[in-house]
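# Breakdown of the fold
What follows is each chain in one-letter form.
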Amino acid sequence: MITVSQLQSPVSTQSSQTVATPICSKNIHSGAIAAEGIEMTFHSGGFGSRVLKGIDLAIPHGSIQILMGPSGSGKTTLLSILSGLLTPTTGRVCLLGQNITQMSRKQLSKFRLDHIGFIFQGFNLFPALSAAQNVEVALHLKNIRGRKARDRAHDLLEQVGLGDRVHSLPRNLSGGQKQRVAIARALAGNPQLIMADEPTAALDSQSGHTAIELLRKLAKEEGVTVLMVTHDPRILDVADRVVHLEDGRLTSK
Ligand SMILES: Nc1ncnc2c1ncn2[C@@H]1O[C@H](COP(=O)(O)OP(=O)(O)OP(=O)(O)O)[C@@H](O)[C@H]1O
């Protein structure tokens, strides 16, 4: 599992970027998310554990893709590699036509901030900040401040069904409500890609439905590409494709 603190490395949006951004070749990588020959081996105590054994994946813009598989099969590892949080042992990942595997750390941090919304487990909200302020933090990272940030945060919380809880502190919210604040925060920067690890796991039936409908709308009406790990059967109805990770390889069923 990945925590939000790993996702939110502080990034200066003002940095002067002089290094050219690595571009992917058009023939293979015209979709939103593409991966080629991804392998991942973890080393510990002198042993190597080969978790991913050659993953190829192409996900079109505006689609909802689900990644399933048994516990320990490498779903979180793959999602982390596809979102640039982990570097694969071999292979390359192209997001929105850019080769993230060749990016410098600085380029990658900026790319994630500009283009990816993360909804991962362990929502890690700032305990002293209200729901709205937690969302505003994500907007500040994108240089959206003041009234504009407040209005947008309230609007996002409204969309996830928390319009009446904008001033609540995390300790006064249920697990499902906190998860919805985390979803609102992930959407704050209008990301083109959403990477989610069990986004509806903590949600009751009504909240789960609201979150799923929101993701569906983002994909179908705004062309956002959603890749998520989930076991939630409710999401299968809105998915364009479900891929299964088994024994280090992907199968499409
Ligand atoms: N940083 C790491 N170092 C060593 N091994 C790791 C590391 N991260 C993951 N693993 C191992 O890789 C395998 C896949 O882990 P991963 O968390 O990706 O699986 P998962 O399918 O997401 O599991 P779950 O559904 O239980 O969350 C596991 O055997 C895990 O122990």
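First, a word on what this report is: a plain description of the structure on this page. What you see is a predicted model; the values in this text were computed from it and never measured. (Residues numbered from 1 in each chain as written. Predicted model: local features only at pLDDT ≥ 70, side-chain atom pairs only at ≥ 80, totals over all residues. Heavy atoms only, no water.)

In spatial order, the strands read β2-β1-β4-β5; together these 4 strands make up an open sheet with antiparallel pairing. Edge strands, defined here as strands with exactly one partner in the open sheet, are β2 (47–59) and β5 (98–99). For strand β1 (residues 33–44) and β2, the ladder comprises 10 bridges, and the chain directions are antiparallel. Within β2, the position partnered with E39 by the bridge is K53. Helix α2 (residues 75–82) rests against β1, β2 and β4 (90–95) of the sheet, and its axis sits at about 125 degrees to β1. (Pairing = 2+ DSSP bridges. Helix = DSSP H or I, 4+ residues; strand = E, 2+ residues; numbered from the N terminus. Contact = heavy atoms within 4.5 Å. Axes fitted to C-alpha atoms, helices over the stretch in contact; angles between N-to-C directions.)

Before going further, it helps to spend a moment on the nonpolar core. The biggest cluster of nonpolar side chains holds 40 residues, and the ones touching the most others in it are V135, L157, V181, I183, I194 and M228. Beyond its immediate sequence surroundings of up to four residues, V181 is in contact with L125, A131, N134, V135, L157, L162 and L173. (Core = buried A, V, L, I, M, F, W, Y, C linked by side-chain atoms within 4.5 Å. Buried < 20%, exposed > 50% of the residue type's maximum accessible area, 1.4 Å probe, protein only.)

The environment of the ligand is made up of F42, V51, P70, S71, G72, S73, G74, K75, T76 and T77. In this structure, G72 approaches the ligand through a main-chain N or O atom, which is 2.9 Å from an oxygen atom. Taking K75, its side chain carries an N or O atom lying 2.7 Å from an oxygen atom of the ligand. Here the shell around the ligand takes 3 residues from α2, the largest share from any one element. When its residues are assigned to classes, the shell around the ligand shows 3 nonpolar, 6 polar and 1 charged. (Near = heavy atom within 4 Å. Polar contact = N/O pair within 3.5 Å; in protein donor to acceptor, adjacent residues only side chain to side chain. Nonpolar A, V, L, I, M, F, W, Y, C, P; charged D, E, K, R; others polar.)

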